[in-house]
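# Breakdown of the fold
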Amino acid sequence: MAIVGQPVFAGAYLTGDFDSLRWHAVGADVVTSIGYLQVIVAAVVWIRLRQVWPFPVTMAVVAAETAQYFAGLDGALWLHIPLGVMTVAALVVLFIAVWRRPLPRREARDA
């Protein structure tokens, strides 16, 4: 859950620790990269396990992350901060939803 560090770095920056902005930028690169990997994993889950719901939810979260990333680069804090809060909340809910659902059991083919 690399995204949880992002508000910490942003908060440290806003309190006057200007080096934290660099860590926030590095964290943004890491979180965005993990998000794109998550899309691949969600596609594999859809194909292999026939679980469709993780893919569109992941795509929505990654789209929000991408919009937030570029809003941050552009300095559009009016969009960057609220979208960041919503993205962190959505990822926490998605994490809980994925780990609460058991994997479907496979029947033995030649038992």
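The rules we used
- Residues numbered from 1 in each chain as written.
- Predicted model: local features only at pLDDT ≥ 70, side-chain atom pairs only at ≥ 80, totals over all residues.
- Heavy atoms only, no water.
- Helix = DSSP H or I, 4+ residues; strand = E, 2+ residues; numbered from the N terminus.
- Expected span 1.5 Å × (residues − 1).
- Buried < 20%, exposed > 50% of the residue type's maximum accessible area, 1.4 Å probe, protein only.
- Contact = heavy atoms within 4.5 Å.
- Core = buried A, V, L, I, M, F, W, Y, C linked by side-chain atoms within 4.5 Å.
- pLDDT = per-residue confidence, 0-100.
- Phe/Tyr/Trp six-rings, centres within 6.5 Å; stacked < 30°, edge-to-face > 60°.

## Notes on helix α4 (residues 77-100)
Counting along an α-helix, one turn takes 3.6 residues, and residues three or four places apart therefore face a common direction. Between the first and last C-alpha of α4 there are 34 Å, a value that for 24 residues agrees with the 34 Å anticipated at 1.5 Å per step. For α4, the complete set of buried residues consists of His80, Leu83, Gly84, Thr87, Val88, Leu91 and Leu94. Close packing links the buried residues of α4 with α1 (5-14), α2 (20-49) and α3 (54-74).

## Topic: the environment of Ala64
With respect to the helices and strands, Ala64 occurs in helix α3. Dropping the residues within four chain positions of it, Ala64 is found in contact with Leu83 and Thr87.

## What about the nonpolar core?
Grouped together as the largest cluster of nonpolar side chains are 6 residues: Ile3, Val31, Val61, Val88, Leu91 and Leu94. Looking at which element gives the most residues to this core, the answer is α4, with 3 residues. Excluding its chain neighbours within four sequence positions, the residues that come into contact with Val31 are Ala2, Ile3, Gln6 and Glu65.

## With respect to the environment of Ala2
By the secondary structure assignment, Ala2 is in the segment before α1. Between the C-alpha atom of Ala2 and that of Val30, which follows or precedes it by 28 residues, the distance is 7.5 Å. If we ignore the near neighbours within four places in the chain, the residues touching Ala2 are Val30, Val31 and Ile34.

## Brief notes about the confidence of the model for the protein
The predicted model of the protein averages 90 in pLDDT, with 91% of residues at 70 or higher. Mean pLDDT across the elements of the protein ranges from a minimum in α1, with 91, to a maximum in α3, with 95.

## Remarks on the packing of aromatic side chains
In the structure shown here, the tally under the stated rule is 5 aromatic pairs. On the numbers, 5.8 Å between centres and 75° between planes, the contact of Tyr13 with Phe18 is edge-to-face. Judged by its relative accessible area of 28%, Tyr13 falls in the partly exposed class. We classify Phe18 as exposed; its relative accessible area is 59%. Between the aromatic rings of Tyr69 and Phe70, the centroid separation amounts to 5.4 Å while the plane-to-plane angle is 80°, which identifies the pairing as edge-to-face.

## Details of the side chain of Ser20
Relative to the helices and strands, Ser20 is located in helix α2. Judged by relative accessible area, Ser20 falls into the buried class, the value being 5%. Discounting residues that sit within four places of it in the chain, Ser20 has contacts with Phe9, Ala12 and Tyr13.

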